[in-house]
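What follows is each chain in one-letter form.
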Amino acid sequence: MTGRPQREKSRPALLGQDRRQLDLLAPAALQYARAAGKTGRSSGGSAATLKTFPFTSESVTEGHPDKVADQISDVVLDAVLAEDPMGRVACETLVTTGLVVVAGEITSKTSVDIPRLARDTIRNIGYDRAKYGFDAETCGVIVAVDKQSEDIAQGVDTSYESQHDRANTDRFDHVGAGDQGMMFGYACRENEELMPLPIMLAHKITKRLAQVRKEGILPYLRPDGKAQVTVRYEYDSEGHERPVEIDRILVSTQHADGLDAQTRIKPDIIEHVLRPILPSELYDERSFGERDFVLVNPTGKFVTGGPMGDTGLTGRKIVVDTYGGAARHGGGAFSGKDPTKVDRSAAYAARYVAKNVVAADLAERCELQVAYAIGVARPISVKIDCFGTEHIPLERIEELVREHFDLRPAAILEDLRLRRPIYAKTAAYGHFGRTDDDFTWESTDKAELLRAGAGLVTLQAEPV
């Protein structure tokens, strides 16, 4: 392995007091080190002692009970949008032992068979046998769905701007936000997806868990599972953070009874899940021989899982859905919500802005916050933070964002083409950092315009 020094001590030795103190200090130390790292000194004037920190993110498989709920909610949403792109949906799902409850508000010209959609989704995930503790064929499905409140609908259909300025002919001013709140978008130059590395690695692991289960490579695996990845970061001479190595991996996977976690499941996970997907430059192959570099089912047994093991609810994995904790979150969930709900559409738009800013090389990291009032088309506020990594003045970045991005709900719906049945596939393995063409918010089509506006490139004239 090249590019970084080899470890001088075995990993168990890193589990001592110094390591525990570093783990406890990490959240507060992140802000401290950003400030101190630019000069390489602490606030007291002595050499800064914290030049590295660990950061951990988790992901869950499609069979995790919360993700089962998310997928059912988004499948219902897609079924409505497929027949009625203007339909309004706020669909919440609860799954527990032998039972699915789908509730919420749907206003649409079409009707959908929610019990069938729920069972099909559960079956596709892999819960198709009673011995798994949850079975698509035998579980009960309760539906409690009403229409959207007319008080909310009138604010979306006729915005505050339209109500108070009848002469306004700007069509994007006529659609109000479906709720109040603040949403965040984020991007960083840590990989080609412009996403935080820990969450992307965690998603790759959980997706691979599902793949080896469905393809019969590890037929004893069951649908429920989780992964957690700790990455060590360092600060460069400018105080900018960069990932340097994978520090720890945790995999918890549901399995058939009678299998030993250490002698059977762990070697299989390393060989068939981790080795095929982990970037070799981020870990030492010899680390797989250490006891604690990879933890697999550390309780020793994970037979009871899925909705039988834990009740699942829509919207309870919002950090998994976004940036793994590396960026802030406004608190609103995505799944089951049609795109007039800015919890979803504005979070997608904020990611679109942040990713284009980073792709244009205006900054190494970018976080955008946008806030709305219910029924009002124009955002209440927009804030951009590049954490000192900007290559041009932050004020100029803000100007370019205002010039090239329209964050009114109707403009977002049109620019990102969000009134399509594309949401079921967002409900597992993250809403961001994906390469699917339907994830329009992942496009970097504005990057060249931003670079030109910043004076970094000159756009070529279109051929005559």
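Before any of the text, the structure's been laid out above.
Residues numbered from 1 in each chain as written. Predicted model: local features only at pLDDT ≥ 70, side-chain atom pairs only at ≥ 80, totals over all residues. Heavy atoms only, no water.

I'm lost on the sheet that holds strand E1 (residues 52-60) in this one. Help?
The strands making up a sheet associate through hydrogen bonds between their backbones, and the pairing can be parallel or antiparallel. Pairing in this open sheet of four strands is mixed, and the strands run E1-E8-E9-E10 from one edge to the other. Where the open sheet ends on each side, the last strands, each with one partner, are E1 and strand E10 (294-296). With direction set aside, neighbouring strand axes in the sheet form an average angle of 20°. As defined by bridge partners, E1 adjoins strand E8 (residues 221-235) across nine bridges and the pair is classed as antiparallel. Along E8, the bridge assignment pairs Thr56 with Thr230. Contacting E1, E8 and strand E9 (241-255), helix H6 (residues 197-214) runs over the sheet at an angle of about 155° to E8. Most of the contacts of helix H7 (residues 261-274) go to E10, to which it runs at about 120°, and overall it touches E9 and E10. (Pairing = 2+ DSSP bridges. Helix = DSSP H or I, 4+ residues; strand = E, 2+ residues; numbered from the N terminus. Axes fitted to C-alpha atoms, helices over the stretch in contact; angles between N-to-C directions. Contact = heavy atoms within 4.5 Å.)

Is there a simple way to explain the environment of Gly325 in this structure?
Of note, Gly325 is situated in the loop between helix H9 (318-321) and helix H10 (342-359). A C-alpha to C-alpha distance of 8.2 Å links Gly325 and Thr56, two positions 269 residues apart in sequence. Other than its neighbours up to four places away in sequence, Gly325 contacts Phe55 and Val319.

Honestly, empty space enclosed by the protein in this entry has me stumped. Any pointers?
Any empty space left between the atoms is revealed when a probe the size of a water molecule rolls over them. This structure, assessed with the given rule, holds two cavities of 30 Å³ or more. For the largest cavity, the lining is made up of 13 residues, of which Phe184, His329, Gly330, Phe334 and Ala347 are closest to its centre. Elements with a minimum of two residues in the lining of the largest cavity: strand E7 (181-188) and H10. Of the residues forming the lining of the largest cavity, the biggest block, three residues, is contributed by E7. Taken as a whole, the second largest cavity spans an internal volume of roughly 70 Å³. Counting residues per element, the ones that place at least two in the lining of the second largest cavity are H10 and helix H12 (409-415). In terms of residue class, the lining of the second largest cavity is made up of eight nonpolar, no polar and two charged. (1 Å grid on protein atoms, 1.4 Å probe; cavity = no way out; pocket = protein on both sides within 12 Å on 5 of 7 lines; lining within 4 Å. Points joined across faces, edges and corners; volume = space filled by probe spheres on them. Nonpolar A, V, L, I, M, F, W, Y, C, P; charged D, E, K, R; others polar.)

Is there a simple way to explain the nonpolar core in this structure?
Here is a general trend for soluble globular proteins: nonpolar side chains tend to be buried in one another's company. Of all hydrophobic cores here, the largest spans 74 residues; its most connected members are Val100, Ile122, Val357, Tyr372 and Trp441. A total of 11 residues in this core trace back to one element, the largest contributor, which is H10. With residues near it in sequence (within four places) discarded, Trp441 still touches Tyr348, Arg351, Tyr352, Leu416, Leu418, Ile422, Thr426, His431 and Phe432. In this structure, Leu209, Tyr220, Ala227 and Ile265 belong to the second largest nonpolar core, which totals 33 residues. (Core = buried A, V, L, I, M, F, W, Y, C linked by side-chain atoms within 4.5 Å. Buried < 20%, exposed > 50% of the residue type's maximum accessible area, 1.4 Å probe, protein only.)

Would you explain the packing of helix H2 (residues 65-83) against helix H3 (residues 114-125) in this entry?
A packed helix pair is summarised by two numbers, namely the angle formed by the two axes and the spacing between the axes. At their nearest, the axes of H2 and H3 sit 9 Å apart, and the two run at 130° to each other. Judged by the angle between their axes, H2 and H3 are oblique. Classified by chirality, the crossing of H3 by H2 is right-handed. On H3, the residues that touch Val68, Gln71, Ile72, Val75, Val76 and Ala79 of H2 are Ile114, Leu117, Ala118, Thr121, Ile122 and Ile125. Across the contact of H2 with H3, the residue classes break down as 10 nonpolar, two polar and no charged. (Parallel < 35°, antiparallel > 145°, perpendicular 65-115°, else oblique. Left-handed = near helix turned anticlockwise from the far one by under 90°.)

What should I look at first to understand the environment of Ala350 in this one?
As for its placement among the helices and strands, Ala350 is situated in helix H10. Since its relative accessible area comes to 0%, Ala350 is described here as buried. Once the C-alpha coordinates of Ala350 and Gln369 are considered, the two residues, 19 residues apart in sequence, prove to be 7.1 Å apart. Apart from the residues lying within four places of it in its own chain, the contact partners of Ala350 are Phe184, Gly185 and Leu368.

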